[in-house]
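Spelled out, the chains give:
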Amino acid sequence: MGYDSSTQVAVIGAGPGGYAAAFRAADLGMQVALIDLEPNPGGVCLYRGCIPSKALLHIARVLTDAREAVELGIEFTKPAIDLHRVRTWKEGMVQKMTAGLAELCQHRNVNYIQGRASFLDAKNLRIQTDLGAENTLSIDHAILATGSRSATVPNLPLQGSRILDSTCALELNEVPRNMLVVGGGYIGLELGSVYAALGTDVSVVEMLPGLLTGVDRDLVNVISKRLEKLFKSIVTNTKVAHMEETPEGIRVRLEGEDIEASEQVFETILIAVGRKPNTSGLGLENTSVEIDGAGFVVVDAQRRTKEPTIYAIGDVAGEPMLAHKASHEGLIAAEAIAGHKVAFEPRSIPAVVFTDPEIAWCGLTETQAKSENRSAEVVRFHWRVSGRAATLGRNDGLTKLLIDPETERILGVGIVGAGAGELIAEGVLAIEMAATASDLQWTIHPHPTLSETVMESAETFFGHSSHMYRPK
């Protein structure tokens, strides 16, 4: 790429939001450059996030299923875990998927540039490579899709090979004897589940009153019961006050309620206290782009920043920090640049925690309804009366609907149980299409499936579910 090069659209960051934006802009006939530090598109999600973590969670689920198969009359010998082969399988999958995205760049004539981009001004980018080369790219429009990074704990400065963030944990260099997970959010619980399944004694410490803050308690309670058996310990209302490295391991001092031992020694510490948007080092001070108090780029309904030619999508543009939200925003930004009348205004953005069992929800939550004093009738269908859940040996699940008592429209859906992440899409569609409880109850669902729990939840609202009695 020469110094005089130019492009109509430059997308900075090649994660699920960035490459979706670049591909849509190219499909709309625009000249596009996609810029990222990695050799191929994919971003944190594909290289060090969603995909490798779900690959390891699948392995954890296979191990769990093998151990629980004894209840079905099938007994396996103790599984032998070959970490090298596990890593090779995980990394091979990532390489295959990123290579596929690189091919799509070529097919769409998207100019993929491996390097670091920063704004000289709103119309010019500086591109720096790891080899020290520096070029200038003139642009008509830019889409920021720089994602986020793992947050740190300010008062715990200890660093070293035994202090992991989510990226390091996914490398799976070893299976430690024990591990302390700092943070009871989805990242900590997912990765903690992987290591526990592999044989690590996992302890979780959360400074807030419960796991998965913000998620409805009836959903969390189901996963908590299983995690209490999987993990060595879970403590809430507790914080890590001090860490120090010793010959025996990392000595941790905990402060909180109901702690049996305030000082404990762990082989490994996983810091999983959330993520922060990547807005530094981009030269945004050379533009009119505005950053809010939480560090997110301020955008309008079309994802346009205060600088009219610069857009922002994904983690850098605000909560929720979810890959599918970023992809959708990327399409909106590309369409807006093309001059189409579009806006980011979803009625529902699904969220999934890929623990075992999974938790998924969309639309209005019960917690939110209570805090906002919104009127919503909640109906629950327990999986203990689901035939399919019984055949899977996983009848601890729950499906619930939040329904407007006047219009009977579906306002929210929450599911905990095997495959909840797959089931939630029907709830998202129902909310987007303003479906009513009657629409759901009269939609024929296949039997026997877990999807029937959505239909029977709607039937429960009217008091005539075949498998659950609820008088109206």
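The rules behind each value
- Residues numbered from 1 in each chain as written.
- Predicted model: local features only at pLDDT ≥ 70, side-chain atom pairs only at ≥ 80, totals over all residues.
- Heavy atoms only, no water.
- Pairing = 2+ DSSP bridges.
- Helix = DSSP H or I, 4+ residues; strand = E, 2+ residues; numbered from the N terminus.
- Phe/Tyr/Trp six-rings, centres within 6.5 Å; stacked < 30°, edge-to-face > 60°.
- Buried < 20%, exposed > 50% of the residue type's maximum accessible area, 1.4 Å probe, protein only.
- Lys, Arg positive; Asp, Glu negative; His and termini not counted.
- Salt bridge = Lys/Arg side-chain N within 4 Å of Asp/Glu carboxyl O.
- Polar contact = N/O pair within 3.5 Å; in protein donor to acceptor, adjacent residues only side chain to side chain.
- Contact = heavy atoms within 4.5 Å.

Here we come to the sheet that holds strand 9 (residues 178-182). Strand order in the open sheet formed by five strands is 8-15-9-10-11, and the pairing between neighbours is parallel. Across the chains shown, the open sheet's two edge strands, defined by having one partner strand only, are strand 8 (163-164) and strand 11 (233-235). For strand 8 and strand 15 (residues 268-271), the ladder comprises two bridges, and the chain directions are parallel. Across the sheet, residue Ile163 finds its bridge partner in strand 15, namely Ile269.

So, about the packing of aromatic side chains. Summed over all chains, the structure comprises two aromatic pairs. When the centroid spacing of 5.7 Å and the interplanar angle of 45° are considered together, the rings of Tyr19 and Phe23 count as tilted. You can see Tyr19 and its partner Phe23 sitting in helix 1 (residues 16-27), four residues apart, about one turn around the helix. With a centroid separation of 5.0 Å and an interplanar angle of 80°, the aromatic rings of Phe461 and Phe462 are classed as edge-to-face. Look at Phe461 and you get buried, because its relative accessible area is 3%.

Turning to the side chain of Asp36, a few remarks are in order. Following the sequence through the fold, Asp36 ends up in strand 2 (residues 32-36). One buried charged residue, Asp36, remains without a salt bridge, the closest side chain of opposite sign being Arg48 at 6.5 Å. Engagement of the side chain of Asp36 in a polar contact is seen with the backbone nitrogen of Glu38, the distance being 2.9 Å. Among all residues touching Asp36, those that are not within four sequence positions of it are Gly13, Ala14, Tyr112, Ile113, Gln114 and Gly115.

A few words on unusual backbone geometry. In most cases, non-glycine residues show a negative phi, while peptide bonds are predominantly trans. Note that the residue after Glu319, namely Pro320, is joined by a cis bond; omega there is -5°. Along the polypeptide, Pro320 turns up in the loop between strand 17 (310-312) and helix 8 (323-337). The omega angle of the peptide bond from His447 to Pro448 is -5°, so this bond is cis rather than trans. Relative to the helices and strands, Pro448 resides in the loop between helix 12 (437-441) and helix 13 (452-461). Not every positive phi belongs to a glycine, and Leu172 is a case in point at roughly 55°. For Leu172, the location among the structural elements is in the loop between helix 5 (166-171) and strand 9.

Once the charged atoms of two side chains with opposite charge are near each other, the side chains can pair. This model, assessed by the stated rule, comprises 25 salt bridges. One salt bridge in this structure joins Asp300 and Arg304, with 3.4 Å as the shortest N-O distance. Assessed through its relative accessible area of 31%, Asp300 is described here as partly exposed. By relative accessible area, which is 23% here, Arg304 ends up partly exposed. Between Arg303 and Glu329 there is a salt bridge; the shortest N-O distance is 2.6 Å. Separated by 26 residues along the polypeptide, Arg303 in the loop between strand 16 (275-277) and strand 17 and Glu329 in helix 8 bring together distant segments of the chain. Here Arg303 falls in the buried class, since its relative accessible area comes to 10%. For Glu329, a relative accessible area of 0% corresponds to the buried category.

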